[in-house]
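Observations on the model geometry
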Amino acid sequence: MAQNDSGFVGWFAELGLADRPQVGGKGGSLGELERAGIAVPPGFVVKTAAFEQFLAAAEQEAPIRARVAALDPEDLAGVTALSRQLRARVHAAPLPPDISAAIERAYTRLNAQQQAAVAVRSSATTEDAADASFAGLQDTYLWVRSLEQTLDKVRSCWGSLYSVESITYRRRHGFAEADVAMAVVVQTMVDARTAGVMFTRSPLTGDRSVMAIEGSWGLGSAVVGGEVTPDRWVIGKITGEISVREISNKQICHVPLTEGGIESVEVPEARRHTACMSDEELQALRAIGRKVERHYGRPQDIEWAVDRHSGAILLLQSRPETVWSSKEAAPVDRPAADPSLHVLKIFGGSR
Amino acid sequence: MDMPTKPKQFPLPSSLKVVPGTESAQAAYPYYTQFEPADDQRFWFYNSMHFPEPMSAFDMVTAEAAYCALGASNTRVHCLPTTLGIDHRIINGRVYIGGNAVTDPQEIARRLEEFKQRAFYYYANWERLYAQWREKMMGLITAAQELPKPQLPEFEPLANVHAGVGIAANHRLLDTYQKTLEGYFRMWHHHFEFLLLGYGAYLTFFDFCKKAFPEITDQTIARMVAGIEAEIFRPDDELRRLARCAVELGVDAHFGKRLSANELIATLQTQGQSGLAWLKELEVSRHPWFNINVGDGFYHYHRAWNDDLSMPFASLPDYIQRVKDGESLHRPVEKLLAERQQLIEDYRELLTTGEERAAYDQMITLAHRVFPYVEGHKFYCEHWYTNLFFNKIREFGALLAEHGFFADAEDVFHLTHYELESAIIDLMTAWSNGSAPRGPGRWPGIVAERRAAIREWAKHETPPALGVVPDVIDDPAIVMLWGITRESLDAWLSTGADADPNELKGFAACRGVVEGTARIVKSVDEISRLQKGDILVCQVTNPTWAPIFSKISAAVSDIGGSMSHAAIVAREYGLPAVVGTGNGTSRIKDGQRIRVDGGRGIVTILQ
């Protein structure tokens, strides 16, 4: 990598959560995971500085941020019209040569190591900050198979900051446009045998002593997108005891296409009712989940995949769990002046 | 569905009929245990946990003595705020019980003040009082061991006469009998001195964990509290030790020859120093650890290992093989203790506030304080002392048989304890007068009739509960000891109509999923039918079954909660188990293929 590339590009191992203003929520999280010793698919982040330089050039032709800031979020027609216009402009504008060169060098280095397709994922700076719901609003492109396509998808990710949903969300929540920038994660695709999600606390009861794991055959997009009913397990975080085992009828799975992208195919009858994870793999995933949760000090919402070739379990993403964490739970109990008083909960008839 | 809705009620006691032809056997049970019309107003359930088979007339003393002591402890000694004692009724040899809840708020408040002064004192001084308890129990056991064997010599021994003893052998007979009975009733008071307080403290921690960790399994909580060196593990530990001794001494080959226990002992006596050395080790283990019976202490025919060595010896060949295969068979006590501590700390770490952690610390400390008693008392009470008690009654049976009252000493157990005293007085009187006792003309016929009645009763199913289901089961004694809740009663009622006929639900005792052939074992005599890999389906298990746990692949019981001995022992041996299915032994047919999911508490009949 050329010396000056580090202004535009950062490798996961160099990054952490503190770098989020430069690499966005997703990029910071992946860097943080790799630093914590958690296996993630290798990759780099196109930093916000690249976006800012690109945007500054575009702003010189015609204003962008000021026009977005002036929008009324309830004016759907106005938002839609501006969104279409801005996305087209971002996608059509040329990349400044130094940025393009930096991405090319990083891409080559990544591909020299892996000989594989990449995922190009938006990583906005507001992501995971005020409200994680914002995270899902920007684009992700899977199975991108060439440099040219990669550069194209980087611009598409930048453009997705100006999608109708994203603009509306920012305006409704009053985010300052100047504070919103877009980094882009470029990372090796995992050809997943099995993939899914994991919550390091129960989504049903908020219980922090169990983890819920959902998974299905093939790429995780089928699970995340709700196109398949995944297998489901509840596993004791500490004991490893698998208390719930629901093996579902997994009719379809997502697989990569050689020309790029993914397709949905039918799962052979014999594999539909077969558990997509072995108990050993579930235990390995539990250990990873515990490590991540300990690292962050709070329950996590994780996307994971099992590499079809190596069998390695890789994390694609880890975010703080938000549903239960935002509830202010009453304390289960308080210490008593005399410990014996606790038994009145049993003997006092108030059970 | 146009099926009529099933009424949410069990049959009334008055609708339960004595099996025709057994009326006089039924009438033998004391008047205060017979159902009466007013009992229709109350809720009763069949205590199949303790009394899974029809009870003989004498064995009913076990219910009577136990409920006398349980009630005294709850009602009068510790003054539990919301519950008094438990009434019992007997029909067709089955024991039904009903709790007496306290519901008046003023009365609860009044009892609460008493409770605090009593129970809290026990919690605060637990270790000292429990050490004192063990001394009392050992004193009681020693006194029972020292009771003389009942006998009637033709003439009073000359030495007694010269010593001026002044009382004759027939009086000693009555004295010994009354002391035997008195000691047994006393033992039950000791049994309940700590029991409810112990279970209550454990459940306090249990409830905290269920609130803090709604999806935690019962067995995980039990593992945080369970003792590592509890008495209930000792008998099986001793068998493992004896297996190691046999290999070390080089006498192991004799154990694979399918000899009876007596033949084996006779053989070892001819094997020089090593054979004698092993037999010496056997004696060390037997006293006291083979004073464990193959039941729960409620049936005279559940004999102790010491009285019938075939049960412990049956598991020695397997243990010996494992030693030869390189297993140490040692329980890694240090490691288990460290694991328990780690478990407690890991769960503690998951709590969110310092206050919660402080409350957790208080509750786990209290649970650990009470638990040695909860796990340990049964060895002294239901096993060791109870064996001494039944064996003393057996000696009276032998004496009465010798004098023609019975054909066999065991017949004595068909008399109630009142009737037995009358038979003893009959014999005393006859001996003193030099006349013939009246008993030989009276008892053989009655015994035959009662034996037939028990056989008949065993053929009939009995309802799991009687009377109107209360809206809430808020009686801590019932919930703690029998694990019965409104939900479990509803499950009993729903059996049939809407439930999956091939699925049984119970308590998850030990995780693991296993499929295999079901073996219905209704009595200890049937244990030999179990083949390697079978799934044991029984009414209740206890620690003496532990040796066969290495042979079976899973266990299912009709009765028991996550605190039952079946559950504790299953966890110890890592055997998938579902306990408290209610009616597993009647719904599952012998030889059927079943699946046991010990983590979810579900048994599925696969056919």
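Some words on the overall build of chain B
Secondary structure assignment for chain B yields 19 helices and 12 strands. On C-alpha atoms alone, chain B measures out to a radius of gyration of 25 Å, which is about the 25 Å that the 2.2 N^0.38 rule sets for 607 residues. By principal-axis analysis of the C-alpha atoms, chain B measures approximately 80 × 65 × 55 Å. Per-residue burial for chain B yields a buried fraction of 45% across its 607 residues. For chain B, long-range pairs separated by at least 24 residues make up 70% of all intrachain contacts whose partners lie at least 6 apart in sequence.

Some details on the overall build of chain A
Across its full length, chain A holds 11 helices and 13 strands. Relative to its length of 351 residues, chain A is compact, with a C-alpha radius of gyration of 22 Å against a globular reference of 20 Å. The principal-axis extents of the C-alpha atoms in chain A amount to approximately 80 × 50 × 40 Å. Relative to its 351 residues, chain A shows a buried fraction of 45%. The long-range fraction of contacts in chain A, counting pairs at least 24 apart against all pairs at least 6 apart in sequence, stands at 68%.

Describing the interface of chain A and chain B
With 30 residues of chain A at the interface, the matching set in chain B holds 40 residues. Of all the secondary-structure elements, those providing two or more residues to the side of chain A that touches chain B are strand 8 (231-236), strand 9 (242-246) and helix 11 (344-347) of chain A. Sorting elements by how many residues they give to the side of chain A that touches chain B places helix 11 of chain A first, with three residues. Class assignment for the residues of the side of chain A that touches chain B results in 12 nonpolar, 10 polar and eight charged.

A short note on the domain arrangement of chain B
With domains assigned, chain B is organised as domain 1 (13-116 + 461-481), domain 2 (231-330) and domain 3 (502-605). The straight-line distance from the C-alpha centre of domain 2 of chain B to that of domain 3 of chain B is 25 Å.

Considering the sheet that holds strand 5 (residues 503-505) of chain B
All names here are of chain B. Sheet architecture is open: eight strands sit in the order 5-12-11-7-8-9-10-6, paired in mixed fashion. Two strands lie at the open edges of the sheet, namely strand 5 and strand 6 (507-510), each paired on one side alone. Between one strand and the next, the sheet's axes are offset by a mean angle of 30°, whatever the strand orientation. With four bridges joining them, strand 11 (residues 593-597) and strand 12 (residues 602-605) adopt antiparallel strand pairing. The residue of strand 12 that forms the bridge with valine 596 is valine 603.

A closer look at the environment of Tyr46(B)
Residue and element names in this part refer to chain B. Locating tyrosine 46 in the fold gives a position in strand 1 (residues 44-46). For tyrosine 46, a count of 20 C-beta atoms within 10 Å translates into the label buried. For tyrosine 46, the contacting residues outside a window of four places in its chain are Arg94, Tyr96, Thr462, Pro463, Pro464 and Ala465.

As for the domain arrangement of chain A
All names here are of chain A. As far as domains go, chain A holds domain 1 (3-188) and domain 2 (192-320). Here the C-alpha centre of domain 2 lies 26 Å away from the C-alpha centre of domain 1. Counting residues at the interface gives 17 residues for domain 1 and 18 residues for domain 2. Looking at the side of domain 1 that touches domain 2, the elements with two or more residues in it are helix 1 (20-35) and strand 4 (140-144). Of the residues that constitute the side of domain 1 that touches domain 2, the class distribution is 12 nonpolar, two polar and three charged.

Observations regarding helix 10 (residues 279-296) of chain A
Residue and element names in this part refer to chain A. Its 18 residues place the ends of helix 10 26 Å apart at the C-alpha level, agreeing with the 26 Å of an ideal helix rising 1.5 Å per residue. Leu282, Leu285, Arg286, Ile288, Gly289, Val292 and Glu293 are the residues of helix 10 that are buried. Projection of helix 10 onto a plane perpendicular to its axis shows the buried side chains occupying an angular sector of 170°, all on one side. Facing away from the buried side of helix 10 by more than 90 degrees, the exposed set consists of Glu280 and Ala287. Remark: glycine 297 follows helix 10 within two positions and exhibits a positive phi of approximately 75°.

Re the packing of helix 4 (residues 76-92) of chain A against helix 7 (residues 164-172) of chain A
Residue and element names in this part refer to chain A. At a minimum axis separation of 9 Å, helix 4 and helix 7 run at an interaxial angle of 125°. Compared by their axis directions, helix 4 and helix 7 come out oblique. Helix-helix and strand crossings are classified by hand; for helix 4 and helix 7 the assignment is right-handed. Counted together, Val79, Thr80 and Ser83 of helix 4 and Val164, Ile167 and Thr168 of helix 7 form the full contact between these two elements.

Some remarks on the pairing of strand 4 of chain A
Residue and element names in this part refer to chain A. In terms of residue burial, strand 4 counts as a mostly covered element, since five of its five residues are buried. By the bridge criterion, three bridges tie strand 3 (residues 118-124) to strand 4 in an arrangement that is antiparallel. The residue bridging valine 118 from the neighbouring strand is valine 144, located in strand 4.

Brief notes about the nonpolar core
All names here are of chain B. By size, the foremost hydrophobic cluster in this structure holds 150 residues, and its most contacted members are Tyr202, Tyr385 and Ala577. The element contributing the most residues to this core is helix 13 (residues 354-402), with 20 residues. If we skip the residues at most four places from it in the chain, tyrosine 202 touches Val225, Ala367, Val370, Phe371 and Val374.

Considering the sheet that holds strand 3 of chain A
Residue and element names in this part refer to chain A. The five strands lie next to each other as 1-2-5-3-4, forming an open sheet whose pairing is antiparallel. Whereas interior strands pair on both sides, the edge strands pair on one side only; in this sheet they are strand 1 (9-11) and strand 4. Each strand axis lies, on average, 20° off the axis of its neighbour in the sheet, ignoring direction. Both strand 3 and strand 5 (residues 182-188) contribute to a ladder of seven bridges, which runs antiparallel. Within strand 5, the position partnered with valine 120 by the bridge is valine 186. The sheet contacts of helix 6 (residues 147-160) involve strand 2 (43-46), strand 3, strand 4 and strand 5, and relative to strand 3 the element is tilted by about 25°.

Brief notes about the packing of helix 9 (residues 261-269) of chain B against helix 10 (residues 272-289) of chain B
Residue and element names in this part refer to chain B. At a minimum axis separation of 7 Å, helix 9 and helix 10 run at an interaxial angle of 135°. By the angle class used here, helix 9 and helix 10 are oblique. Residues Ile265, Leu268 and Gln269 of helix 9 touch helix 10, and the partners they reach there are Gly275, Leu276, Trp278 and Leu279. Residues that form the contact of helix 9 with helix 10 fall into these classes: five nonpolar, two polar and no charged.

Re unusual backbone geometry
Among all residues except glycine, the phi angle is most often negative; among peptide bonds, the trans geometry is most common. Residue and element names in this part refer to chain B. In this structure, the amide linkage connecting histidine 287 to the following residue, proline 288, adopts the cis form with an omega of 15°. When you line up the elements, proline 288 lands in helix 10. The phi angle at cysteine 79 is positive, at roughly 55°, despite the residue not being glycine. Among the structural elements, cysteine 79 can be located in the loop between helix 2 (61-77) and strand 2 (83-91). With 21 C-beta atoms packed within 10 Å, cysteine 79 lands in the buried category. Phi is positive for asparagine 92, which is not a glycine, with a value near 55°. Within the secondary structure layout, asparagine 92 lies in the loop between strand 2 and strand 3 (94-101). The class for asparagine 92 is buried, based on 20 C-beta atoms found within 10 Å.

What counts and how
Residues numbered from 1 in each chain as written. Chains lettered and ligands numbered in written order. Predicted model: local features only at pLDDT ≥ 70, side-chain atom pairs only at ≥ 80, totals over all residues. Helix = DSSP H or I, 4+ residues; strand = E, 2+ residues; numbered from the N terminus. Rg over C-alpha atoms; globule rule 2.2 N^0.38 Å. Buried ≥ 20, exposed ≤ 12 C-beta atoms within 10 Å, placed from the backbone. Contact = placed C-beta atoms within 7 Å. Nonpolar A, V, L, I, M, F, W, Y, C, P; charged D, E, K, R; others polar. Domains from an automatic or database assignment. Pairing = 2+ DSSP bridges. Axes fitted to C-alpha atoms, helices over the stretch in contact; angles between N-to-C directions. Expected span 1.5 Å × (residues − 1). Arc of directions from axis to C-beta. Parallel < 35°, antiparallel > 145°, perpendicular 65-115°, else oblique. Left-handed = near helix turned anticlockwise from the far one by under 90°. Core = buried A, V, L, I, M, F, W, Y, C linked by C-beta atoms within 7 Å.

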